[in-house]
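These are the residues of each chain, in order.
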Amino acid sequence: MSAPRPPHLPTTLDCITCGLCIPTCPTWQQTGRESQSPRGRVHLMRAHQEQRLPLDAVYAQEMEDCLVCRRCESVCPAGVSFGALMETTREELVQAGYRAKPSMRWLLAQVRHRKRLHWGMGLLGWAQRSGLVRHMGTLAQAMPAVPPSSEREPLPDFAGAHSPRVGEVWLLEGCVMPELYGRVNRAAMRLLQRVGYDVRVPKPRLCCGALHAHAGEGDVARNLVRGWVQLLEDVGAPDAIVSTSAGCGAHLAELPRILASDPDLARRAEALSNLVIDASAFLARRENLERLRPLLNPLPEAWLPLAYDDPCHLCHGQQVRVQPRELLDAIPGVHRVELLEAEACCGSAGLHSFAHPEAARTQLASKLVDLEQSGAATLVTANPGCHMQWETGQRTSTAPRPVRHLMEVLAASLG
Amino acid sequence: MPSPALAQDLRALLGPQGFLEAHPQRLSYESDALGLVAQVPEWVLLPSDTQQAAECMRLLAREGVCVVPRGAGTGLSGGATPVAGGVSVVTTRMRKILDIDPVNRLARVQAGVVNVELSRAAARHGLFYAPDPSSQMACTLGGNVAENSGGPHGFKYGQTSRHVRGLVWVDARGEIIDQSDARLDPVGLDVLGLWIGSEGMLGLVTEVVLDLLPSPEVSESMLAIFGSLQAACEAVTELIASGLQPSAIEILDKLTIDAVEASVFAAGYPKDAEAVMLMDLDGSPAEVRELGEQLETILKAHGSRELRRATDPEQRRRLWAGRKGAYGAMGRLAPDLYVADVVAPRTRLAEIVALSTAICAELGLPCANVFHAGDGNLHPNISYDRRDADQVRRVLLAGQRIMAACVERGGTLTGEHGVGLEKRDAMCMVFRDEDLAVQERVRQALDPGRRMNPGKMLPVRGCREMRTRSPYLPGMKEYDA
């Protein structure tokens, strides 16, 4: 079902061309090219909308190269919603026939089907263990090691709170998360139970559609949202919907915006958006942190110091910066150091690292230097894409450091 | 129109990353931060060092192609607007800090280094680079040289020209002129003086040698809150007359405060204030303490209802981020913003600020004032929508009238944004044809073909002629019949 076209990018007019965003942009840093900067891209969007610029392959490429890290939004004094503009632009490009590479489209088609993804990952894991993966395509080779199937079990539908019980939350399982980092979701579940929440993982297990929206597959994303809205209305609202993935959280928290073309659905989705919260922000709420703090024990000495790297869609997408640090600092005896550019993108950026492996490697390189200089023994992140990307970087490092999700670190500290 | 053979040679020289010929890529360079004027360049060239830039210029000279140099494109006067049939040569791939010499306190940078990057690098040696235009997060040092940029701290430390010790540039023929040995600075004709502020008409700067200053022992920011803009201006006039020397004195009016406080750079300026004055005090602890007391007395005498002082770096950063993001924050009011850049005698600040607001009101335009009060550099900001032709007409007229009013009262056209395209004809308010002819002769001597940034800064028609044809233009110099 095709939704009506969204209103035609009126927000490009918010940009006053001051240019403060330019140096923060990863693609500009690599190329120095105006059309690879946020201001340049907005300028082209506006030119297109003013019918001075037809869609062509070069325009499509300049838009496609963007990581949608949204760091430009964090420095934009005029408040341009760049991420939203880019999603609308890409949707328009897809509709005009400028579609992503077949391998990316294939990947997008897989992630929203939990069963297919599970089987595919099983197959990939087998290929990795048997060495067959060396004869497969570059996409398969770029994938991280698939954990054994015991670690890829889906989450239970329900896990009861430790007493005293204070409420009920849903845990968003995600798509890649349960397949590659099931332990993160289980850690989050444990933490939530321990601070007094019943944790429900309602069925059907739906994909949030963030990757589809970023890639311009708006119809797919909107259909998934419909599923979510229905689910919420059928099951009844919990106290919060907790996400362990910054990308999913940022997307679901902004539903009314991406649904602007469908006011009825947007209104219904608002209830959903208001409930979605990142696990770090939820656990750092005062009442939760007070219950969590006494449960935390010192971490193994070898893990310290920790460095937290802000996932883009947590710091730029949800303005969650302080909470993860507060949680880490609540661990007794912890030693935490700051990375020089913690808010710069690591190059993962959803499917970007698969679509543009070369650019993603360049992007990661300076982050690896920052990590080295920080002296940290553990890199802490809060998003599966960043997790993968950092692990890729550690594989080629001379002094590899473990990469852990914030939830894993906290759960380890529960003892 | 440059030939395909030339394109081929440039492509071979610069590669696909450095030679842009696709329409969307060129289109993104059609304007700098003055969106009112636009022209798509034939090609865009991004050389990566001096040698490559010189090679580019030699090739372009072969066919007499006009060249518009460009840095980050944050200029507000149209200085980097491309010319029809010409190319833009952009320095954003020349972003290396080549050397920092902490002993002699000198830095050598490529022209495309972003202003704030140099300050960051210098901070590791306990040094800083003083000129800090509000766009310092994005603007390039090469662009700062071309425009002789200032910034809030220009009040104490002076503009870019006070900090440049050497330059390497490429002229229109592709010759490299190396004037970068800091020892040569005082010897011979002051060529650097001629070059700084030449807005790209004398060549393309590729390397800059700059003075770094030792970071002050103590820095403190002070925010004075006023119930009237007039009172804030009068306080500035008096504290300057008393010989006090904070390193920066900035004023933001109510409209500006509202825009800033709604943005990501919200600095905690009180929304019920009519004006805030932001100052920096630096020096030894005793100096800062004494200066603080003296300022306090004057500010209170002029009715400042509250004084906030900050020494914590994070608090200071926040106070200043609000000021520096003010221009962009105006994007919340309307799609476009015209920023005037006049300089007023500091004894008449209040009068000229009130006058600018009145001029805008008469033309039915909103006017927000945010300015470097310390050096009298006013920025009346007029929000508008460039899609409305009549608004554009009124905005330009307001700009012209504000300049004329300022010149009439002993001020001048531009403090730091340059003349570019936007104020080119207004040069006739402050110069006669005979004066401008000298500037034109200097330019001819260094660029006989007049291929470097043609049509900028120097009026293309005589002032006498313009005055005769457009007698309604306010402020044009009088000529004897």
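Being a predicted model, the structure only gives us computed values, none of them experimental.

Let's talk about the overall build of chain B
- Looking only at helices and strands, chain B features 17 helices and 18 strands.
- In terms of overall size, chain B behaves like a compact globule, its C-alpha atoms giving a radius of gyration of 22 Å where 481 residues would be expected to give roughly 23 Å.
- Considered along the principal axes of its C-alpha atoms, chain B spans approximately 70 × 60 × 45 Å.
- When each of the 481 residues of chain B is scored for burial, the buried share is 60%.
- A fraction of 72% describes how many contacts in chain B between residues 6 or more apart in sequence connect residues 24 or more apart.
- For chain B, the accessible surface area stands at approximately 18,100 Å², while carbon and sulfur atoms represent 51% of it.
- Taking the average location of the 51 positive side-chain charges in chain B and that of its 61 negative ones, the two points are 3 Å from each other.

Quick word on the packing of helix α13 (residues 349–362) of chain B against helix α14 (residues 389–408) of chain B
Residues and elements named next belong to chain B.
- In the contact formed by α13 and α14, the axes pass within 10 Å of each other and the chain directions differ by 150 degrees. The angle between the axes of α13 and α14 places the two elements in the roughly antiparallel class. Along this stretch, α13 crosses α14, giving a crossing that reads as right-handed. Facing α13, whose interface residues are Ile352, Leu355, Ser356, Ile359, Cys360 and Glu362, α14 presents Ala398, Arg401, Ile402, Ala405 and Cys406.

Re the sheet that holds strand β1 (residues 158–159) of chain A
Residues and elements named next belong to chain A.
- The strand order across the open sheet formed by five strands is β1-β3-β2-β4-β5, and the pairing between neighbours is mixed. Both edges of this open sheet fall to β1 and β5 (276–278), since each of them pairs with a single strand only.
- Two elements, strand β2 (residues 167–172) and strand β3 (residues 197–200), share four bridges in a ladder whose sense is parallel. The partner of Val169 across the bridge, within β3, is Val199.
- Contacting β1, β2, β3 and β4 (240–243), helix α10 (residues 182–194) runs over the sheet at an angle of about 170 degrees to β2.
- Across the face of the sheet, helix α15 (residues 263–275) comes into contact with β4 and β5 while running at roughly 25 degrees to β5.

What to know about the domain arrangement of chain B
Residue and element names in this part refer to chain B.
- If you check the domain split of chain B, you get domain 1 (4–90), domain 2 (97–214), domain 3 (218–328), domain 4 (334–408) and domain 5 (430–452 + 461–481).
- For domain 2 versus domain 3, the separation of C-alpha centres amounts to 28 Å.
- Taken together, the nine residues of domain 2 in the interface contact 13 residues of domain 3.
- Taken together, the two surfaces of domain 2 and domain 3 that pack against each other cover about 990 Å², and 53% of this comes from carbon and sulfur.
- Inspection of the region where domain 2 meets domain 3 yields two salt bridges.
- A salt bridge links Lys324 to Asp132; the shortest N-O distance between them is 3.0 Å.
- The interface formed by domain 2 and domain 3 contains six residue pairs in polar contact (both at pLDDT 80 or more).
- Residues belonging to the side of domain 2 that touches domain 3 are distributed by class as follows: four nonpolar, three polar and two charged.

Focus: empty space enclosed by the protein
Residue and element names in this part refer to chain B.
- Scanning the model with the defined rule gives 12 cavities of 30 Å³ or more in all.
- Here the largest cavity is characterised by a volume of approximately 740 Å³.
- Lining the largest cavity are 48 residues, with Thr74, Gly75, Leu76, Ser135 and Glu147 sitting closest to its centre.
- Looking at the lining of the largest cavity, the elements with two or more residues in it are β3 (67–70), α5 (141–147), β10 (204–211), α11 (313–324), α12 (326–329) and β17 (367–372).
- At five residues, α5 tops the list of elements feeding residues into the lining of the largest cavity.
- For the lining of the largest cavity, the per-class residue count stands at 18 nonpolar, 23 polar and seven charged.

Thoughts on the domain arrangement of chain A
Residue and element names in this part refer to chain A.
- Segmentation of chain A into domains returns domain 1 (10–95), domain 2 (102–150), domain 3 (153–283) and domain 4 (296–414).
- Using C-alpha coordinates to define each centre, domain 2 is positioned 24 Å away from domain 3.
- Residue-level contacts link 14 residues of domain 2 with 17 residues of domain 3.
- Note on domain 2 versus domain 3: buried area summed over both sides is about 1,400 Å², and carbon and sulfur give 62% of it.
- Per-residue buried area on domain 2 facing domain 3 is highest for Leu108, Arg112 and Arg114; these three make up 45% of the total on that side.
- Put simply, domain 2 and domain 3 have one salt bridge between them.
- The salt bridge partner of Arg114 is Glu173, with a shortest N-O separation of 2.6 Å.

Structural notes on helix α21 (residues 357–374) of chain A
Residues and elements named next belong to chain A.
- Taking 1.5 Å per residue, 18 residues should reach 26 Å; α21 reaches 25 Å between its end C-alpha atoms and fits that length.
- By the burial criterion, the buried members of α21 are Ala360, Gln363, Leu364, Lys367, Asp370, Leu371 and Ser374.
- Buried residues in α21 make contact with α1 (26–31), β6 (306–308), β7 (336–337), α20 (352–355), β8 (378–381) and α22 (384–395).
- Taken from the residues just after α21, Gly375 is the one with a positive phi, measuring 75 degrees.

Things to note about the interface of chain B and chain A
- Listed as interface residues are 42 residues of chain B and, on the opposing side, 36 residues of chain A.
- Across the chain B/chain A interface, buried area totals approximately 3,000 Å², and carbon plus sulfur atoms make up 58% of it.
- Between chain B and chain A we count two salt bridges in total.
- Ionic pairing is found between B:Arg70 and A:Glu34, a salt bridge with its closest N-O pair at 3.1 Å.

Calculation rules
- Residues numbered from 1 in each chain as written.
- Chains lettered and ligands numbered in written order.
- Predicted model: local features only at pLDDT ≥ 70, side-chain atom pairs only at ≥ 80, totals over all residues.
- Heavy atoms only, no water.
- Helix = DSSP H or I, 4+ residues; strand = E, 2+ residues; numbered from the N terminus.
- Rg over C-alpha atoms; globule rule 2.2 N^0.38 Å.
- Buried < 20%, exposed > 50% of the residue type's maximum accessible area, 1.4 Å probe, protein only.
- Contact = heavy atoms within 4.5 Å.
- Areas by Shrake-Rupley, 256 points an atom, 1.4 Å probe, with all protein chains shown as cover.
- Lys, Arg positive; Asp, Glu negative; His and termini not counted.
- Charge placed at Lys NZ, Arg CZ, Asp CG, Glu CD.
- Axes fitted to C-alpha atoms, helices over the stretch in contact; angles between N-to-C directions.
- Parallel < 35°, antiparallel > 145°, perpendicular 65-115°, else oblique.
- Left-handed = near helix turned anticlockwise from the far one by under 90°.
- Pairing = 2+ DSSP bridges.
- Domains from an automatic or database assignment.
- Buried area = accessible area lost by both parts, 1.4 Å probe.
- Salt bridge = Lys/Arg side-chain N within 4 Å of Asp/Glu carboxyl O.
- Polar contact = N/O pair within 3.5 Å; in protein donor to acceptor, adjacent residues only side chain to side chain.
- Nonpolar A, V, L, I, M, F, W, Y, C, P; charged D, E, K, R; others polar.
- 1 Å grid on protein atoms, 1.4 Å probe; cavity = no way out; pocket = protein on both sides within 12 Å on 5 of 7 lines; lining within 4 Å.
- Points joined across faces, edges and corners; volume = space filled by probe spheres on them.
- Expected span 1.5 Å × (residues − 1).

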